[in-house]
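A structural walkthrough
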Amino acid sequence: MKPLQPESVIPLYHQLMERLKDSIEKGNWTPGDKIPSENQLMDQFSVSRNTAKKAIEELVQDGILYRIQGKGTFVAKPKLQQSLMGFYSFSKVLKEKGMNPKDIILKIEEAKPTSKIREALQLGEDENVIEMKRLRCANNEPYILESSFIPKNLISNMEQLKKVGEISLYDLFTQEYNIVVTRAKEAFEPVLIRSEESEYLQTEEGLPALLLERTAYDVNGVPVEFCRSIVRGDRCRFYTELT
């Protein structure tokens with residue numbers, strides 16, 4: 001790696017960050033590799049401990065590195081990036097990136113909706129939903145814990161929902177239930193992974209995640225699904241483009 005430039009207006013910690021990122025991008029270190037310690041970086045670049053520490057902390061916050069207490073700092077796996085500019089399929093995105101998608105269905109059952117779900121789906125007081133909870137994986141690693149709530153009166157045969165994973169949910173809607181999804185509203189907010197979610201997602205409780213809530217509508221503007229997803233913050237990144 002190139003030496004730092006103390007005379008530059010760019011702070012030393014930022015220069016060190018860029019050197020480390022560049023080394024990762026060039027493949028000198030790959031996911032799971034241990035990077036030099038703070039002491040080694042101090043010696044190699046003639047910087048203070050605070051400079052080395054800040055550079056590493058910034059890269060940890062960005063999800064490029066991760067720490068294991070007592071063992072060191074390691075290169076993280078790259079995040080799955082997804083645009084929010086239009087409809088997207090998690091499975092199709094994975095396949096395009098050369099990854100293997102897999103859905104693990106945790107439950108499919110009739111349930112009484114909460115007031116929030118009832119309002120989103122415009123249901124009456126006595127109307128129930130079908131809840132389908134699934135774990136969405138890439139290369140056998142869990143990325144998303146997802147619960148879909150579908151008005152029960154739209155589902156003539158609950159068994160057909162077990163095909164999800166073989167085909168997408170919206171393709172199944174069209175093929176089995178004659179429901180064509182044409183638009184959706186989504187909302188996002190940062191959350192921390194809770195205990196039960198951490199077990200499914202195979203990650204630590206309290207780590208950052210993204211809560212995604214989506215209401216999908218058919219060609220007549222009728223809501224046909226309310227979906228609640230917990231997305232691992234260390235494995236996924238969403239973006240949009242402004243014009």
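As a reminder, the structure under discussion sits directly above these lines.
Quick caveat, the model's predicted, so the values are computed rather than measured. (Residues numbered from 1 in each chain as written. Predicted model: local features only at pLDDT ≥ 70, side-chain atom pairs only at ≥ 80, totals over all residues. Heavy atoms only, no water.)

**A few points about the pattern of salt bridges**
Per the stated rule, a full pass over the model turns up 22 salt bridges. Between R134 and D103 there is a salt bridge whose closest N-O contact spans 2.7 Å. Residue R134 is found in strand β5 (residues 129-138), and its partner D103 is found in strand β4 (residues 101-111); the two are separated by 31 residues along the sequence. According to the relative accessible area criterion, R134 is buried, its value standing at 4%. A salt bridge links R194 to E197, with the nearest nitrogen and oxygen atoms 3.0 Å apart. The class for E197 is buried, based on a relative accessible area of 6%. Here the salt bridges share partners, and the residues they tie into one network are K77, E141, R232, D234 and R235. (Salt bridge = Lys/Arg side-chain N within 4 Å of Asp/Glu carboxyl O. Helix = DSSP H or I, 4+ residues; strand = E, 2+ residues; numbered from the N terminus. Buried < 20%, exposed > 50% of the residue type's maximum accessible area, 1.4 Å probe, protein only.)

**Looking at the nonpolar core**
With 16 residues, the main nonpolar core has L16 and L65 as its most contacted residues. Taken together, the elements giving at least two residues each to this core come down to α1 (12-25), α2 (38-45) and α3 (49-61). Among residues more than four places away in sequence, those in contact with L65 are I24, I35, I56, L59, V60, T73, F74, V75 and A76. Membership of the second largest hydrophobic core comes to 15 residues, among which are M132, L169, Y177 and A216. (Core = buried A, V, L, I, M, F, W, Y, C linked by side-chain atoms within 4.5 Å. Contact = heavy atoms within 4.5 Å.)

**Here we look at the environment of K152**
Within the secondary structure, K152 is located in the loop between β6 (141-151) and α6 (169-177). We classify K152 as partly exposed; its relative accessible area is 36%. C-alpha separation for the pair K152 and Y239, spaced 87 residues apart in sequence, amounts to 33 Å. Setting aside chain neighbours within four positions, we find K152 in contact with E110, N128, V129 and I130.

**Observations concerning the packing of α2 against α3**
At a closest axis distance of 9 Å, the pairing of α2 and α3 adopts a crossing angle of 120°. α2 and α3 meet at a crossing whose hand is right-handed. Taken together, the residues of α3 that come into contact with α2 (itself represented by E38, N39, L41 and M42) are R49, A52, K53 and I56. (Axes fitted to C-alpha atoms, helices over the stretch in contact; angles between N-to-C directions. Left-handed = near helix turned anticlockwise from the far one by under 90°.)

**Some thoughts on the sheet that holds strand β7 (residues 181-192)**
The strand order across the open sheet built from six strands is β4-β5-β6-β9-β8-β7, with neighbouring strands paired in antiparallel fashion. The two strands at the open ends of the sheet, each matched to only one other strand, are β4 and β7. In this sheet, adjacent strand axes meet at a mean angle of 15° when their direction is disregarded. With 10 bridges joining them, β5 and β6 adopt antiparallel strand pairing. From the neighbouring strand, C137 faces β6, where its bridge partner is P142. (Pairing = 2+ DSSP bridges.)

**Structural notes on the environment of Q160**
Mapping Q160 onto the fold places it in the loop between β6 and α6. Under the relative-accessibility criterion, Q160 is labelled buried at 18%. Spatially, the C-alpha atom of Q160 lies 15 Å from that of R134, the residues being 26 residues apart in sequence. Apart from residues no more than four positions distant in its own chain, Q160 is found in contact with L172, E176 and Y177.

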